[in-house]
Amino acid sequence: MGCACETKRQVITPERMAKLDAFLTTCKGKPGGLMPVLNESQKLFGCIPVEIQKKISQELKVPMAEIYGVITFYNQFSIEPKGDYIISVCMGTACYVKDAQKLVEQACEELGIKPGGTTEDYKFTLVETRCVGACGLAPVVLVNEDVYGRLTVKGGEMKDIISKY
Ligand code: FES
């Protein structure tokens, strides 16, 4: 069975594999090579699917369990491809008490996905985050680098924000 990355979206292409091969060649046999290779893989493929993990494991002689552990520990890595736009709803205390949960529900309804999910066209991924440091603007939603604050549930701003992208 192939990885979702392969079937739903063409993530592993020959060009990207060639670039990874070239990068791996520069890291082989050197200590501390795993993080740079994972960073490069995430950049190249937009995620690090199992096939790529296996390749890295063989080439760098690092156990699969260790690679999986690193990927799941650091936020910057993902196993599944993410959408072009990451909608992050802050669930820190200041936002939570101002109905952030309801904003998540509105986004779920609008996008037809659950928190952590990605739309079928890979346009949006919805995530819940910890405090993003803009509590004065609570409740806060980020779309990639764009910040939206003082949102209301009744005003329907969530829907408006999504429709902008
Ligand atoms: S709690 Fe949401 S920005 Fe701080």
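Rules used in this analysis
- Residues numbered from 1 in each chain as written.
- Predicted model: local features only at pLDDT ≥ 70, side-chain atom pairs only at ≥ 80, totals over all residues.
- Heavy atoms only, no water.
- Helix = DSSP H or I, 4+ residues; strand = E, 2+ residues; numbered from the N terminus.
- Expected span 1.5 Å × (residues − 1).
- Contact = heavy atoms within 4.5 Å.
- Core = buried A, V, L, I, M, F, W, Y, C linked by side-chain atoms within 4.5 Å.
- Buried < 20%, exposed > 50% of the residue type's maximum accessible area, 1.4 Å probe, protein only.
- Axes fitted to C-alpha atoms, helices over the stretch in contact; angles between N-to-C directions.
- Parallel < 35°, antiparallel > 145°, perpendicular 65-115°, else oblique.
- Left-handed = near helix turned anticlockwise from the far one by under 90°.
- Nonpolar A, V, L, I, M, F, W, Y, C, P; charged D, E, K, R; others polar.
- Phe/Tyr/Trp six-rings, centres within 6.5 Å; stacked < 30°, edge-to-face > 60°.

Novice: Now, about helix 2 (residues 14–27): what can you tell me, with residues and values included?
Specialist: A rise of 1.5 Å per residue sets the reference length of helix 2, with its 14 residues, at 20 Å; its end C-alpha atoms lie 20 Å apart and thus fit the reference within 8%. Structurally, helix 2 contributes buried residues whose contacts are with helix 3 (34–45) and helix 4 (50–60). Backbone geometry just after helix 2 places Gly-29 at a positive phi near 75°.

Novice: Go over the nonpolar core, please, and point to the residues and values.
Specialist: Judged by nonpolar contacts, the single largest core of 25 residues is most densely connected at Ile-87, Val-89, Leu-111, Leu-126, Val-141, Met-158 and Ile-162. Among the elements that line this core, the one with the most residues is helix 7 (residues 100–111), at six residues. By size, the runner-up hydrophobic cluster in this structure holds 20 residues, among which are Leu-24, Cys-27, Leu-34 and Phe-45.

Novice: Could you give an account of helix 7, with specific residues and numbers?
Specialist: Look at helix 7: 16 Å from first C-alpha to last across twelve residues, which is about the 16 Å you get at 1.5 Å a residue. Those residues of helix 7 that are buried lie in contact with strand 1 (85–90), helix 6 (93–96), strand 2 (124–129), strand 3 (141–143) and helix 8 (157–163). Note on helix 7: the residue one or two positions beyond its end, Gly-112, has a positive phi of about 70°.

Novice: Explain the packing of helix 3 against helix 4 residue by residue, including any values.
Specialist: Remark: helix 3 packs on helix 4, axes separated minimally by 11 Å, with the N-to-C direction vectors making an angle of 150°. When the interaxial angle is binned, helix 3 and helix 4 end up roughly antiparallel. Crossing geometry of helix 3 relative to helix 4 is assigned as right-handed. Together, Leu-34, Val-37, Leu-38, Ser-41 and Phe-45 of helix 3 and Ile-52, Ile-56 and Leu-60 of helix 4 make up the contact between the two elements. Of the residues contributing to the contact of helix 3 with helix 4, the split by class is seven nonpolar, one polar and no charged.

Novice: Tell me what's going on with the packing of aromatic side chains, and back it up with residues and numbers.
Specialist: Inspection of every chain in the model, using the stated rule, returns four aromatic pairs. For the ring pair Phe-73 and Tyr-74, a centre distance of 5.0 Å and an interplane angle of 85° mean the geometry is edge-to-face. By relative accessible area, Phe-73 is classed as exposed at 63%. Measuring from ring centre to ring centre gives 5.8 Å for Tyr-85 and Phe-124, while their planes differ by 35°; the resulting arrangement is tilted. Taken as a pair, Tyr-85 in strand 1 and Phe-124 in strand 2 lie far apart in primary sequence, 39 residues in all. Taking relative accessible area as the criterion, Tyr-85 reaches 28% and is therefore assigned partly exposed. Given a relative accessible area of 7%, Phe-124 falls into the buried group. One aromatic cluster in this structure is built from Phe-73, Tyr-74 and Phe-77.

Novice: I'd like to hear about the side chain of Lys-55, residue by residue, with values.
Specialist: Here Lys-55 is to be found in helix 4. Given the relative accessible area of 17%, Lys-55 is considered buried. Setting aside residues no more than four positions away along its own chain, Lys-55 makes contact with Met-17, Leu-20, Asp-21 and Leu-24.

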